[in-house]
Amino acid sequence: MKAFSRLLILLAVLRAACGCEQDRYIVASGYAQGGIYSVKMNLRGVRERPAVIRHTIDSLLTEIDNTLSGYNKGSQLSRFNRGEDISPNAMFRDIYSRSYAFWEETDGALDVAAAPLFDAWGFGFSRDSLPSDETVARLLATCGMKRLKGEFTDGQSLLKEPDGTRPSLNFNAVAQGYSCDVIAEYLRGIGVKDMLVDIGEIFCMGLNPEGKPWRLGVDRPEDGNNSPGASIEGIWTSDGGPHGVVTSGNYRKFYVRDGRKYAHTIDPRTGYPVSHNLLSATIVAGDATTADAYATCCMVIGLNEAKALIEGRKDLEGYLIYDEDGKMKAWHSEGFNLTEANENQ
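This write-up is about the structure you can find in this document. Note that the coordinates shown come from a computational prediction; the quantities given were computed from them, not determined experimentally.

## Observations concerning the pattern of salt bridges
Then comes step 1: Summed over all chains, the structure comprises 9 salt bridges.
Then comes step 2: Here arginine 44 ties to aspartate 194 by a salt bridge, and the two come within 3.6 Å at their closest N and O atoms. One end of the pair, arginine 44, is in the loop between β3 (35-42) and α1 (50-68); the other, aspartate 194, is in the loop between α6 (175-189) and β4 (195-198), and 150 residues separate them in sequence.
Then comes step 3: Here glutamate 233 makes a salt bridge to arginine 220, at a shortest N to O gap of 2.5 Å. Residue glutamate 233 is located in strand β7 (residues 232-237), and its partner arginine 220 is located in the loop between β6 (215-219) and β7; the two are separated by 13 residues in the primary sequence.
Then comes step 4: Accessibility expressed as a relative area gives 25% for arginine 220, which makes it partly exposed.
Then comes step 5: Residues joined by salt bridges that share partners form a network here, namely Arg79, Arg82 and Glu84.

Dropping the structure here:
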């Protein structure tokens, strides 16, 4: 899955065995989607046994991998991209439908059907890089949601026109956020009210083990900052509600050729990596899928359009870090609960 900037979880050491009913936190963790996942949850009032909860979380993550991973060659996504006719499960249909809506809402800035472009630049499921202008033009003409229908029915009926090659898909812009939401939905279904789901992106609600709002640190977007939490630019504090919190940036996944930096954010409307002064975008939304999608969108459209987008939507809050004359500066929306970073916490 895509490598995003991780958010440092600022909380005290878990004290699950304090003997009081209000502090029944457990942690489920393991390996998924190319990294370590961690789910912190308060089991107060929950009847399901912890072992069953952990097993169910692992099972859901396995189902996600078998459905949406482009690195799993047997997944539904990989089979679809190879041109096979598949019978999409509910998860595939759901994320496809949501991705199509994001494409429409963002005027094409978020396009999961631009997978060949991501591959051509070396940021998809292949290792190619530096495509020629002719290759970019050819791929632009043959891929994109503009060529597909909004509702997935079967492998052959997505094309709006009967002729032509079906574009391949890459859900990396939304898959980790979607994974958080799948786990959170399960936990809410069994009665969990306090949780933090970290699968590369974040979903949180309720209170942390200290009975306080969750606090999440936003990493400083410096090239080569590959250690989450090593350098914090700002801290977001939850209000206790359900929130997806996602940061996207170009400071961890890029390459340099002939002195030029090629960022992993590809503008699917032009076919080329972005080259603007927005360094990272942190989005807070009601769910992690939406936060994931719009964090990516902001990195595509750049600083000024990202500000306008965030301010124009009541369901989004944002924190944008950008370069101005070689100095790092930040902007945040009025509803983004920002506090001063303290790197010693």
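## Here we look at the environment of glycine 271
Then comes step 1: Topologically, glycine 271 is positioned in the loop between β11 (266-267) and β12 (272-273).
Then comes step 2: For the pair formed by glycine 271 and valine 136, sequence separation is 135 residues and the distance between their alpha carbons is 5.9 Å.
Then comes step 3: For glycine 271, the contacting residues outside a window of four places in its chain are Leu117, Trp121, Val136, Leu140 and Ile266.

Rules and cut-offs
- Residues numbered from 1 in each chain as written.
- Predicted model: local features only at pLDDT ≥ 70, side-chain atom pairs only at ≥ 80, totals over all residues.
- Heavy atoms only, no water.
- Salt bridge = Lys/Arg side-chain N within 4 Å of Asp/Glu carboxyl O.
- Helix = DSSP H or I, 4+ residues; strand = E, 2+ residues; numbered from the N terminus.
- Buried < 20%, exposed > 50% of the residue type's maximum accessible area, 1.4 Å probe, protein only.
- Contact = heavy atoms within 4.5 Å.

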